[in-house]
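# Chain and residue survey
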Amino acid sequence: MKKSDILIIGNGISGLFAACIAADMGKKVQILSYGAGTLTIGGGIIDVLGYDDQGKFIADPLKGMDGISANHPYAKTGAQTAKKALEAFLKITEEEGYPYLGSPDKNLWLPTAVGNFKPTCLVPRTMDTEALFKADNILVVGFDTMKDFYADMATKNLRERLSKNKNVEEFIVKLNFEYGRDLRDISAMDVARWLETDEGHRSFVDQVKGHVKANTAIVLPPVLGLEPNYKVLDSLKKELSCALIEVSSLPPAVTGTRLNKMLHSCAKKRGVQIIEKARVVGSEIIDGKCQAVITEGFDRQRKFYAEQFILATGGVYGGGIIAKIGAMSEPIFNIDIEVPKVQTDWSYKQLFADKKQIFAQYGVSVDENLTPVAADGSKPASNVKVVGRSLAGYDFCYEKSGNGVALITAYKAAAAFCGEA
Amino acid sequence: MLKTTVVVIGGGATGVGILRDLSMRGVDAILVERDDLGYWTSSRFHGLLHSGGRYAVKDKEAAKECIQENTILRKIGRHCVEATESIFVRAPEDSEEFEQEWVKSCAECGISAVPISMDEAFKLEPNLSRKLLSAYRCPGAAVDGFRLLWQTVASANKYGGKAMTYKEVIGIETENGTVVGVKIRDRWTGAEEKISCDFVISASGSFAGEVAHLAGLSVNVKPSKGTLIAFNHRICNRVVHRLHKSSDADIFVPHGSITILGTSSIDSAPDDTSTETAEVMAMMEIGKITFENIYDYRILRVFAGTRPLYSADPNAKGRSASRGFVALDHAHDGINHFMSVCGGKFTTYRLMAEKVCDIVCEQLGVNAKCHTAEENLVDDPSPDLISRAKAVFPSYGAELASSRLGNEKLERVIKRIETQPEMKELVCECENVTLAEIEEVASEPTSHTVSDLRRRTRLGMGTCQGTFCAYRSVGAVNKENMPWAKDSVYLFKEFLETRWKGIRPVLWGNMLRDIELTRAIYDAALNLSGVEEIK
């Protein structure tokens, strides 16, 4: 029977990051993964804390954590750990040759595919939004047959939002793909792949060059390559002599794919074993300690043993939490989550309610060490820690805190298991 | 100032039916609707084209009208009707005596009710509960409310009839006890306008009391709310009725890729279209008798509408109020040339219009006869047009688009794609709606919001409930520089909030997953709710 030191369930951002941190500290780590996870759906940027409970913008995310409500994950981690976690993440991005920009104590304003802005904290260099504010000329670049980016909408809204002395123009690059729209849709993934080819690179430069004036920043959908490096960005910057900024956009997420690849590469280098198609269906708990988790394949059940476990299975969307009529639960450790019996009490009448949505804050309750606490106050398994979207107490959409909570809680859980709490 | 002979107030089935009928008889008419066509009751129902079977025992007159109109609508509105047929099934809970009486009544009313063995019933509808005892095949069908309304207006347009949306009637003007005009206000611009006319017909359904009040009269409408559940599956291929005395949650109607279960009956305010989880749960429990695995089917959304039940007795309530229709001539109340039409059924909308227009025409001295039953609402696309459609639309989208659009609009949409092939991009994959169709409909003067586009095209009505097509449709209308499409954030929110309304009471399982994704896109990634403080 093989037994790992730490077994992580889930290979999203929190699972992978926890694995990298724990492996760095000398632990033998295994990840059980099932499905692609939501990392590649999200934007690959690290939102830490953009707005407080009243919807007021927070300039310094670390400071914003000070007054945060007691059940928020950040209240369990504290700003100190948050800083360490984000710095550890930045260090990994450096090592992997895909360094992120930004600092844990400062929010950035990133343009979106609508042409408005969102606060975020750490971004890849392909989203160097400071360059946008420094530029005199903004060129919004779209692609003629690419789905899900409307350059005209982004142009119009950017023009409205940016200062009057900025000149915002629009340009559409022709793709001329052989498999154009007659055969199938062209997504940002296709364009990213194309820009990694010499032909795509050449064509883009030839078409855009004449429209780039002095001190221009190009705003475009996330298409600057699928690999976690800056080859596409750097060569385009050099040839066009301008900044390029990818916007925050909708799935499929090129930037999320890059981050996913980077974290996998990092985990691999650290000897983390990732077992795929391992659907965890339950756990074996003896005397308040988890001994093993049970996976179920098409033919049989298997047990995976470890000293310690990190639950990083995500929320309702990722499948880590199951929502039923008047009930909610975490299915692996069988933790009931307290929710109102009547479904309409789970939410406000408006979806965009100008406050944190009620159901978004449902999740597994934990103590200050991220150990799960059941509805009756008991702790089902003392050697389990819960991280990321499975946690209760925050609304990542309203606060803009998604990947921040994932990284920071993952760091705390991994460090605690390695005796560095 | 606009001038016409008849002003019809209300763009539901009754109103558009009257507009078409008058127009075809050569009477000038303008219809004014406060919201969008079919915004209220005429789309908030199961989309059932009755065979009459449901009324055969209780109300033979209504049953006969239903089967007659059913036959007519299958012909004149063939693009709005999915001729599925229906099955009536009796559960152990239902009375055997009723079944016998029902069989007899159907025969008397001329409604075909063919008994089949349960083996055959299960073969036809495999999801039916194995506890059911008997089954009959009847000529019921599914009908698309939005489409029928718009195509009825398209037909009226050909004869000069005009429908105006988002025009609220704020006054009914009379001289010497006779109607001379109505005052309207544009809901978007606030501009007020007068339409002078010789006759006013209020076909404002649950709001009939409010409209009559403008002329100082009272009409006793008892709105009764019915809740409906749309499932994200075709649970059955035929309409399925419980064979018993009409009651709650006993009708399942398949539409395209979904099924609608209806309904309930609660006294309500005319504009109450809210749905509570408790109502949904009560209906699911009853629905379980017909389809025992009902809890395994994913719900798409829930919605509600109010039936405008008329009662001469102000104290009558709910199912005891009459479900027939009444045409009130307010000459009896001291105002000439003003009528209120209340109640009735969607299935018999054409017949109601015919009866009302007979009365109105007599008063106006018009002798023309009704011929609404003889002419199709929209022309069938020519074989040439269909082959052009097949060349530009994705697979089965050609048929969907031609039914949705009707001959003339289809040709315009095809032209858009023929000149600009990239216009064939699917904005809504769930319902196969192309960019060309969105831009065509968006450019019509009746479009003001993305929800308006939805009601015309089915955009956002499918599985993802607007999660992906919201961005695309707002982007598309923005591109066309529509005067109404200035504020992107407003357009997004308007569309997504209306979708949310139907999901909120059933926020569990995959519905909650879907909403998590919606919020992740529109709030986390695109920051629609956040305040921006950019330098």
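About the cut-offs
- Residues numbered from 1 in each chain as written.
- Chains lettered and ligands numbered in written order.
- Predicted model: local features only at pLDDT ≥ 70, side-chain atom pairs only at ≥ 80, totals over all residues.
- Helix = DSSP H or I, 4+ residues; strand = E, 2+ residues; numbered from the N terminus.
- Rg over C-alpha atoms; globule rule 2.2 N^0.38 Å.
- Buried ≥ 20, exposed ≤ 12 C-beta atoms within 10 Å, placed from the backbone.
- Contact = placed C-beta atoms within 7 Å.
- UniProt positions renumbered as here; feature names shortened; annotations may be inferred.
- Nonpolar A, V, L, I, M, F, W, Y, C, P; charged D, E, K, R; others polar.
- Pairing = 2+ DSSP bridges.
- Expected span 1.5 Å × (residues − 1).
- Arc of directions from axis to C-beta.
- Core = buried A, V, L, I, M, F, W, Y, C linked by C-beta atoms within 7 Å.
- Axes fitted to C-alpha atoms, helices over the stretch in contact; angles between N-to-C directions.

Let us now look at the overall build of chain B. From N to C terminus, chain B includes 15 helices and 24 strands. Rg of the C-alpha trace for chain B: 23 Å, near the compact-globule value of 24 Å for 535 residues, within the 12% margin. On the principal axes, the C-alpha backbone points of chain B span a range of 65 × 65 × 50 Å. Expressed as a percentage of its 535 residues, the buried residues of chain B come to 59%. In chain B, the proportion of contacts linking residues at least 24 apart, taken out of those at least 6 apart, comes to 72%.

As a further point, take unusual backbone geometry. Pro251 of chain A connects to Pro252 of chain A through a cis peptide bond whose omega is 0°. Looking at the secondary structure, you find Pro252 of chain A in the loop between strand S10 (243-246) and helix H9 (254-269). Residue Thr263 of chain B is bonded to the preceding Gly262 of chain B through a cis peptide linkage, with omega at -10°. When you line up the elements, Thr263 of chain B lands in the loop between strand S18 (258-262) and strand S19 (266-267).

UniProt's feature table lists "domain: BFD-like [2Fe-2S]-binding" (unreviewed entry) at residues 426-470 of chain B, given in the numbering used throughout. Here residues 426-470 of chain B runs as 40% helix and 11% strand, with 12 Å between its end C-alpha atoms.

Residue and element names in this part refer to chain B. For Arg147, the location among the structural elements is in helix H5 (residues 145-158). What makes Arg147 buried here is the crowd of 26 C-beta atoms within 10 Å. For the pair formed by Arg147 and Ser340, sequence separation is 193 residues and the distance between their alpha carbons is 25 Å. Excluding residues within four positions of it along the chain, Arg147 makes contact with His79, Cys80 and Arg404.

For the rest of this paragraph, the subject is the interface of chain A and chain B. Taken together, the contact pairs 48 residues of chain A with 43 residues of chain B. Of all the secondary-structure elements, those providing two or more residues to the side of chain A that touches chain B are strand S5 (117-120), helix H5 (151-161), strand S15 (322-324) and helix H10 (396-399) of chain A. For the side of chain A that touches chain B, a count of residues per class yields 22 nonpolar, 15 polar and 11 charged.

With that settled, the discussion passes to the sheet that holds strand S9 (residues 141-143) of chain B. Residue and element names in this part refer to chain B. Strand order across the open sheet formed by 3 strands is S4-S9-S5, with antiparallel pairing between neighbours. The open sheet is flanked by strand S4 (48-49) and strand S5 (81-82), the only strands paired with a single partner. Looking at chain direction, S4 and S9 are connected through 2 bridges and run antiparallel. By the bridge assignment for S9, Leu49 is matched with Ala141.

All names here are of chain B. The end-to-end C-alpha separation of helix H3 (residues 96-109) is 20 Å, in line with the 20 Å expected for 14 residues at 1.5 Å each. Looking only at H3, the buried set comprises Trp102, Ser105, Cys106 and Cys109. One side of H3 carries all its buried residues, which in axial view fall inside an arc of 100°. Residues Glu96, Glu97, Gln100, Ala107 and Glu108 are exposed on H3 and point more than 90 degrees away from its buried face. The secondary structure elements touched by the buried residues of H3 are helix H2 (60-76). Remark: Gly110 follows H3 within two positions and exhibits a positive phi of approximately 80°.

Phe17, Ala18, Ala19, Val219, Leu407 and Ala410 of chain A together with Ile201 of chain B are the most contacted members of the largest nonpolar core, which has 307 residues in total. For this core, the element with the most residues is helix H11 (residues 402-417) of chain A, which contributes 10 residues. Dropping the residues within four chain positions of it, Ala19 of chain A is found in contact with Ile8, Val29, Ile31, Ala267 and Val272 of chain A.

Our next topic: the sheet that holds strand S22 (residues 338-343) of chain B. Residues and elements named next belong to chain B. Taken together, 6 strands build an open sheet; the order of strands is S10-S3-S2-S14-S22-S21 and the sheet is mixed. On the outer flanks of this sheet lie strand S10 (162-164) and strand S21 (325-329), each paired with one strand and no other. Within the sheet, the average angular offset between the axes of one strand and its neighbour, ignoring direction, is 20°. Across 3 bridges, strand S14 (residues 199-202) lies against S22 in parallel orientation. The residue bridging Ser202 from the neighbouring strand is Ser340, located in S22. Contacts from helix H1 (residues 13-24) reach strand S2 (6-9), strand S3 (29-32), S10, S14 and S22, with the element oriented near 170° to S3.

This part is about helix H7 (residues 198-209) of chain A. Residues and elements named next belong to chain A. Over its 12 residues, H7 runs 16 Å from end to end, which matches the ideal 16 Å to within 8%, given 1.5 Å per residue. Among all positions in H7, only Gly200, Phe204 and Val208 are buried. The buried residues of H7 occupy one face: seen down the axis, they fall within an arc of 45°. Opposite the packed face of H7, turned more than 90 degrees from it, sit the exposed residues Asp198, Glu199, Arg202, Asp206 and Lys209.

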